[in-house]
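Listed here are the chains, written in short residue letters.
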Amino acid sequence: LTYLMDAIEIAKVLGDRQKLAFMMGNLGRIHLFLGNYASARAQLKANVDLSTQLGDTLEIGRALMSIGYLYIQEGDFAKAEETLDEAWEHLSKSGDTRDSVMYFTYLGELHYRTGRNQDALNVLTKAVALAESTAIHSTLTARALRHLAEVQYRLNNHRAALRSIAQALPVFEAAGVLAEQ
């Protein structure tokens, strides 16, 4: 965090608002994954505000997607869905596959956490297909597969769930991301 905070200060001094918005989003995501939701929300909302001023629709979409994920973690599923829908309005314009995979993975998680397992299966299948089309042996693909396995298990398709996990596990092990299992 120290280096990121230093970089934010440098961007402020240089007046580089584009880099500042980007780094504020990264700081917000770090706080989100550390469970510091209040700090994450503040940084991500500041990212949305600054990116809106700059007209950076991709960065707005990314920040909103992270805020949507924050709401999922807090269990506020209505706000999560509303925010993810708003994020998609921005992300879909960019055509960025990585962001699309992340969006569909978060949306799939939202669906299965709210009991919409068939919707989750459809969305996560799309996330896996997109991820595999660009980076088949990446943690991005493995995360989508892990969530897909969760839904397959919930739908009592245990063999498919085992296949998905078997495909994801070596990637997680290679990346040292065993917490994802």
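Residues numbered from 1 in each chain as written. Predicted model: local features only at pLDDT ≥ 70, side-chain atom pairs only at ≥ 80, totals over all residues. Heavy atoms only, no water.

Section: the environment of K45
Assignment of secondary structure puts K45 in helix α3 (residues 37–54). Once residues lying within four places of it in the same chain are set aside, the contact partners of K45 are I67 and Y71. (Helix = DSSP H or I, 4+ residues; strand = E, 2+ residues; numbered from the N terminus. Contact = heavy atoms within 4.5 Å.)

What about the pattern of salt bridges?
Across all of its chains, the model carries 10 salt bridges by this definition. By sharing partners, the salt bridges in this structure join R29, E59, R62, D96, R98 and D99 into a single network. (Salt bridge = Lys/Arg side-chain N within 4 Å of Asp/Glu carboxyl O.)

Some thoughts on the side chain of S51
Relative to the assigned elements, S51 resides in helix α3. Ignoring anything within four residues of it in the chain, the contact list for S51 reads A21, D56, E59 and I60.

Thoughts on a nonpolar patch on the surface
On the surface, L1, M5, I30 and L34 cluster together into a nonpolar patch covering about 360 Å² of accessible area. Within the element layout of this structure, L1 appears in the segment before α1 (2–14). (Patch = residues over 30% accessible without salt bridge, like charges linked within 9 Å, V, L, I, M, F, W, Y side chains within 5 Å. Areas by Shrake-Rupley, 256 points an atom, 1.4 Å probe, with all protein chains shown as cover.)

Description of the packing of helix α7 (residues 117–134) against helix α8 (residues 139–154)
For the pair α7 and α8, interaxial distance at closest approach is 9 Å and the crossing angle is 155°. Here α8 runs roughly antiparallel to α7, going by the angle between their axes. The interaxial crossing formed by α7 with α8 has left-handed handedness. Side by side, α7 and α8 meet where N117, A120, L121, L124, T125, A127, V128, A131 and E132 of the first sit next to L140, T141, A144, L145, H147, L148, V151, Q152 and R154 of the second. Class assignment for the residues of the contact of α7 with α8 results in 11 nonpolar, five polar and two charged. (Axes fitted to C-alpha atoms, helices over the stretch in contact; angles between N-to-C directions. Parallel < 35°, antiparallel > 145°, perpendicular 65-115°, else oblique. Left-handed = near helix turned anticlockwise from the far one by under 90°. Nonpolar A, V, L, I, M, F, W, Y, C, P; charged D, E, K, R; others polar.)

Notes on the nonpolar core
Nonpolar side chains in soluble globular proteins tend to end up buried together. With 38 residues, the main nonpolar core has M65, I72, L84, Y103 and Y106 as its most contacted residues. Of all the elements in the fold, those that place two or more residues in this core are α3, α4 (57–74), α5 (77–94), α6 (97–113), α7, α8 and α9 (158–175). The leading source of residues in this core is α4, at nine residues. With sequence-adjacent residues up to four places away left out, I72 is seen in contact with F77, A80, L84, Y106, E109, L110 and R113. Membership of the second largest hydrophobic core comes to nine residues, among which are I8, L20, L27 and L50. (Core = buried A, V, L, I, M, F, W, Y, C linked by side-chain atoms within 4.5 Å. Buried < 20%, exposed > 50% of the residue type's maximum accessible area, 1.4 Å probe, protein only.)

Description of the packing of helix α2 (residues 17–34) against α4
Contact geometry of α2 with α4 gives a least axis separation of 10 Å together with a crossing angle of 15°. With respect to each other, α2 and α4 are oriented roughly parallel. Between α2 and α4 the crossing geometry is left-handed. Here A21, F22, G25, R29, L32 and F33 of α2 come into contact with α4, specifically with E59, R62, A63, S66, Y69 and L70. Looking at side-chain class alone, the contact of α2 with α4 contains seven nonpolar, two polar and three charged residues.

Considering the packing of aromatic side chains
For the coordinates displayed, the defined rule picks out five aromatic pairs. Between W88 and Y103, the aromatic rings sit 4.6 Å apart at their centres with planes inclined by 20°, giving stacked as the arrangement. With W88 in helix α5 and Y103 in helix α6, this pair connects stretches of sequence that are 15 residues apart. Centroid distance W88 to F104: 5.1 Å. Interplanar angle 50°. Geometry classified as tilted. Residue W88 is found in helix α5, and its partner F104 is found in helix α6; the two are separated by 16 residues along the sequence. The exposure class of W88 is partly exposed, given its relative accessible area of 26%. Here F104 falls in the buried class, since its relative accessible area comes to 9%. Among the aromatic residues, those joined into a cluster by ring pairs are F33, Y69 and Y106. (Phe/Tyr/Trp six-rings, centres within 6.5 Å; stacked < 30°, edge-to-face > 60°.)

That is the geometry; function is a separate question.
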